[in-house]
Protein chains: 2
Amino acid sequence: MSRLYDRVALIGLGLIAGSMALAMKRGGLAGEIVGHARSAETMKVAMERGLCDRVCDTPEEAVADADLVVLAVPVGAMSEIAARIGPHLKPDATVTDVGSVKRAVIDAVAPHIPEGVVFIPGHPLAGTEQSGPSSGFAELFRNRFALLIDEGVPPEPLDRLAQLWKGMGAQVDVMDADHHDLVLAVTSHSPHLIAYTMVGVADDLSRVTDGEVIKYSAAGFRDFTRIAASDPTMWRDVFLNNREATLEILGRFTEELFALQRAIRTGDGDMLHDYFTRTRAIRRGIVEAGQDTGAPDFGRGQ
Amino acid sequence: MSRLYDRVALIGLGLIAGSMALAMKRGGLAGEIVGHARSAETMKVAMERGLCDRVCDTPEEAVADADLVVLAVPVGAMSEIAARIGPHLKPDATVTDVGSVKRAVIDAVAPHIPEGVVFIPGHPLAGTEQSGPSSGFAELFRNRFALLIDEGVPPEPLDRLAQLWKGMGAQVDVMDADHHDLVLAVTSHSPHLIAYTMVGVADDLSRVTDGEVIKYSAAGFRDFTRIAASDPTMWRDVFLNNREATLEILGRFTEELFALQRAIRTGDGDMLHDYFTRTRAIRRGIVEAGQDTGAPDFGRGQ
């Protein structure tokens, strides 16, 4: 790959920014990578791991002369960061973000973007339950989707940013912000809230000890605990900022759950069997689409 | 390991029975392994894979002279099988099962167990989302728990069956049937119903296509689809036969989910953050207990 940006500024140095830094360096996609994080310790670790060529104590300094600025902070922190960096952005720079919700980020960031600077919201559908400057790795985006939001941006900067994501191993799709927020409410935000809830219920149940929950977790619960180990601050902000879509999907989920509970209560085995047969097909589609392996998940139990 | 049973009869030749056969052969734990399955095709595959030394067309023939009989059929089929094999069991044989619920299996099987035969209900907390005679593997039980139910059985047969499970790589815990059913409602049955429900909701939502759900599944939904790909017949029977405990846990789950939805609606970020922080601790416990790896799940996204 050839260099796409002479200077990239990463604001926030967690899992996503750290993985982007390593993937950009591997691909020779960026000239200089400048970083800023709120905590000095995070910046120290980022330098030790070679994520950045240099770090700056303030976001204002970090974005100076940057051709691409990546906002990789929790969604709730986007507005303040945007307000601070706005006046310091290089003319004709591109600003993007990696937040998990898009409409709220646009509302928070766009007002602070000066004339001549292009803002292209983005969201790589990749990550792990781990967080922090030590958690990133260059392979994180391989074969994952990076979603870019086009609400009327010039083609050249959009194409360049798409090339960057492809250079980091991702596939790129472009959609509008509201559809993104609905799709993610289904594929990510609601499942996460549900997993957090189920783990919380288990923890509350005094007749079943945490010890038992932990020992016997291979029985299916384990995947929920993995999801429910994700970064609390990030997820708080996701739910507060994708409120309507998440609550709508959770409403449908509850309706559906009640229908299945009723089938259990009334002993309607045919309804349950038909339902479980239908959901199996979606799994096959995901394996065929290469978004997961068909290999059995060793150790899930009944 | 030394031989524990001269002849073992496997009734049902799916994932669990197939894995037991391979693990018993590897460990030299059984003299002869005799199998029966309802379908001739399943028995053919079982012989081709070397799961059994021989297969029998009827369960009555299969259990003749068997020292250990393993009922590895869906919970809903236990009663009929038990009624058929009861009169043909060898005096002082041991009968066990691998069903995911225990009280209902005891009610279905115990009445058909003749004087002198010992029935020890069991449940290995291991498996995958795959099923059938081709899906088993000898390593399935390694480091997993096998739960045995002791409602007043003689120590020698209980100890021998525990030795068998340990010889197949499992850790053994003994508990009573009702506690088992409650624990599994929390760690397995409710999470499975919830995963089935969420996948069904996604499939129903016309504004989000299945194509999008599949493409963007790395965002967390993927784990739900894996759980929701499990065998429909087995799971129908689980829910119909662990009705009370599952409905109780689902009731608590719904309460808790409503509380979190309310926090989202009212913007109570502190409540959400505290909740998500608490659930993270359980995950750490599971990793420390060796029931899952601490390695990040490559590709889960935000």
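Rules used throughout
- Residues numbered from 1 in each chain as written.
- Chains lettered and ligands numbered in written order.
- Predicted model: local features only at pLDDT ≥ 70, side-chain atom pairs only at ≥ 80, totals over all residues.
- Heavy atoms only, no water.
- Pairing = 2+ DSSP bridges.
- Helix = DSSP H or I, 4+ residues; strand = E, 2+ residues; numbered from the N terminus.
- Axes fitted to C-alpha atoms, helices over the stretch in contact; angles between N-to-C directions.
- Parallel < 35°, antiparallel > 145°, perpendicular 65-115°, else oblique.
- Left-handed = near helix turned anticlockwise from the far one by under 90°.
- Contact = heavy atoms within 4.5 Å.
- Nonpolar A, V, L, I, M, F, W, Y, C, P; charged D, E, K, R; others polar.
- pLDDT = per-residue confidence, 0-100.
- Least-squares fit on C-alpha atoms with pLDDT ≥ 70 in both.
- Phe/Tyr/Trp six-rings, centres within 6.5 Å; stacked < 30°, edge-to-face > 60°.
- Domains from an automatic or database assignment.
- Buried area = accessible area lost by both parts, 1.4 Å probe.
- Salt bridge = Lys/Arg side-chain N within 4 Å of Asp/Glu carboxyl O.
- Buried < 20%, exposed > 50% of the residue type's maximum accessible area, 1.4 Å probe, protein only.
- Right-handed = clockwise from strand over helix to strand, strands pointing away.
- Core = buried A, V, L, I, M, F, W, Y, C linked by side-chain atoms within 4.5 Å.

Student: So what about the sheet that holds strand β7 (residues 122–124) of chain B? Which residues, and what values?
Tutor: All names here are of chain B. Sheet architecture is open: three strands sit in the order β7-β8-β9, paired in mixed fashion. Because the sheet does not close on itself, it has two edges, and the strands there are β7 and β9 (171–175). Within the sheet, the average angular offset between the axes of one strand and its neighbour, ignoring direction, is 20 degrees. Pairing geometry for strand β8 (residues 145–149) and β9, over five bridges, is parallel. Paired with Leu-148 across the bridge in β9 is Val-174.

Student: A description of the sheet that holds strand β3 (residues 54–55) of chain B should follow, citing residues and the corresponding values.
Tutor: Residues and elements named next belong to chain B. Here we have six strands laid out as an open sheet, ordered β3-β2-β1-β4-β5-β6, and parallel in their pairing. The two strands at the open ends of the sheet, each matched to only one other strand, are β3 and β6 (118–120). As paired strands, strand β4 (residues 68–71) and strand β5 (residues 94–97) are joined by four bridges and run parallel to one another. For Leu-71, the partnering residue across the bridge sits in β5 and is Asp-97.

Student: Tell me about the packing of helix α7 (residues 177–204) of chain A against helix α7 (residues 177–204) of chain B, residues and numbers included.
Tutor: Contact pair α7(A) / α7(B): the axes reach a minimum separation of 11 Å and the direction vectors enclose 160 degrees. On the basis of the axis angle, α7(A) is roughly antiparallel to α7(B). The chirality of how α7(A) crosses α7(B) is right-handed. Contacts from Val186(A), Ser190(A), Pro191(A), Ile194(A), Met198(A) and Ala202(A) of α7(A) reach α7(B) at Val186(B), Ser190(B), Pro191(B), Ile194(B), Met198(B) and Ala202(B). Of the residues belonging to the contact of α7(A) with α7(B), the class tally is ten nonpolar, two polar and no charged.

Student: Provide a residue-level description of the confidence of the model for chain A, including the pertinent values.
Tutor: Here chain A averages 91 in pLDDT, and 95% of its residues register 70 or above. Interface scoring of the predicted complex returns ipTM 0.87; its pTM is 0.86.

Student: Which residues make up the relation of the copies chain A and chain B, and what values go with them?
Tutor: Superposition of the two copies of the chain requires a rotation about an axis and a shift along the axis. Least-squares fitting of chain A to chain B yields an RMSD of 0.0 Å, with the transformation described by 0.0 Å of translation along the axis and a rotation of 180 degrees. The symmetry that links the two subunits is that of a two-fold axis. Considering only C-alpha atoms, the residue of chain A closest to the rotation axis is Asp223(A), which sits at 3.2 Å.

Student: Explain the environment of Glu156(A) to me, using residue names and the numbers behind them.
Tutor: Among the secondary structure elements, Glu156(A) is positioned in helix α6 (residues 155–167). Between the C-alpha atoms of Glu156(A) and His189(A), which are 33 residues apart in sequence, the distance is 32 Å.

Student: Account for the packing of aromatic side chains, with residues named and values stated.
Tutor: Within this structure, the stated rule accounts for twelve aromatic pairs over all chains. For the ring pair Phe145(A) and Tyr216(B), a centre distance of 5.3 Å and an interplane angle of 85 degrees mean the geometry is edge-to-face. On the criterion of chain membership, the pair formed by Phe145(A) in strand β8 (residues 145–149) and Tyr216(B) in the loop between α8 (210–215) and α9 (221–227) is interchain, its members lying in two chains. Their ring planes at 40 degrees and their centres at 5.6 Å tell us that Trp235(B) and Phe239(B) sit as a pair that is tilted. Placement of the pair is Trp235(B) and Phe239(B) together in helix α10 (residues 232–241), with a separation of four residues, close to one helical turn.

Student: Which residues make up the domain arrangement of chain A, and what values go with them?
Tutor: Accessible area lost during the coming together of the parts is what is often quoted as the interface size. Residues and elements named next belong to chain A. Partitioning chain A into domains gives domain 1 (5–175) and domain 2 (179–288). A separation of 30 Å is found between the C-alpha centroids of domain 1 and domain 2. Each partner contributes to the interface: domain 1 provides 16 residues, whereas domain 2 provides 15 residues. Surface buried jointly by domain 1 and domain 2 totals about 1,200 Å² across both partners, of which 68% is contributed by carbon and sulfur atoms. For domain 1, the biggest contributors to the area lost against domain 2 are Ser-100, Val-101 and Glu-129; these three give 41% of the whole. For the interface between domain 1 and domain 2, the tally reads zero salt bridges. If you list the elements that add at least two residues to the side of domain 1 that touches domain 2, you get α5 (103–109) and β8. Residues that form the side of domain 1 that touches domain 2 fall into these classes: nine nonpolar, four polar and three charged.

Student: I'd like to hear about the pairing of strand β2 (residues 30–36) of chain B, residue by residue, with values.
Tutor: Residues and elements named next belong to chain B. The buried count for β2 comes to five of seven residues, which makes it a mostly enclosed element. Running through helix α1 (residues 15–27), the crossover from strand β1 (residues 5–11) to the neighbouring parallel element β2 is right-handed. Taking the sense of rotation as the criterion, the β-α-β connection linking β2, helix α2 (residues 40–48) and β3 turns out right-handed.

Student: Just give me the short version of the nonpolar core, but keep the residues and values in it.
Tutor: One finds Val69(A) and Val69(B) to be the most contacted residues of the largest nonpolar core, which totals 146 residues. Ignoring anything within four residues of it in the chain, the contact list for Val69(A) reads Ala9(A), Ile11(A), Val63(A), Ile85(A), Leu89(A), Thr94(A), Val95(A) and Thr96(A).

Student: Which residues make up the side chain of Thr246(A), and what are the values?
Tutor: Here Thr246(A) is to be found in helix α11 (residues 243–266). Apart from the residues lying within four places of it in its own chain, the contact partners of Thr246(A) are Ala185(A), His189(A), Ser190(A) and Phe239(A).

Student: Tell me what's going on with the pattern of salt bridges, and back it up with residues and numbers.
Tutor: Overall, the coordinates contain 44 salt bridges over all chains when judged by the stated rule. A salt bridge links Arg103(A) to Glu151(A); its shortest N-O distance comes to 2.8 Å. Of this pair, Arg103(A) sits in helix α5 while Glu151(A) sits in the loop between β8 and α6, and the two are 48 residues apart along the sequence. A relative accessible area of 25% places Arg103(A) in the partly exposed class. The closest approach of N and O atoms between Arg226(A) and Asp223(B), which form a salt bridge, is 3.9 Å. Of this pair, Arg226(A) sits in helix α9 (residues 221–227) while Asp223(B) sits in helix α9, each in a different chain. The same class applies to Arg226(A) and to Asp223(B), which are both buried. Because the salt bridges share partners, they merge into one network encompassing Asp223(A), Arg226(A), Asp223(B) and Arg226(B).

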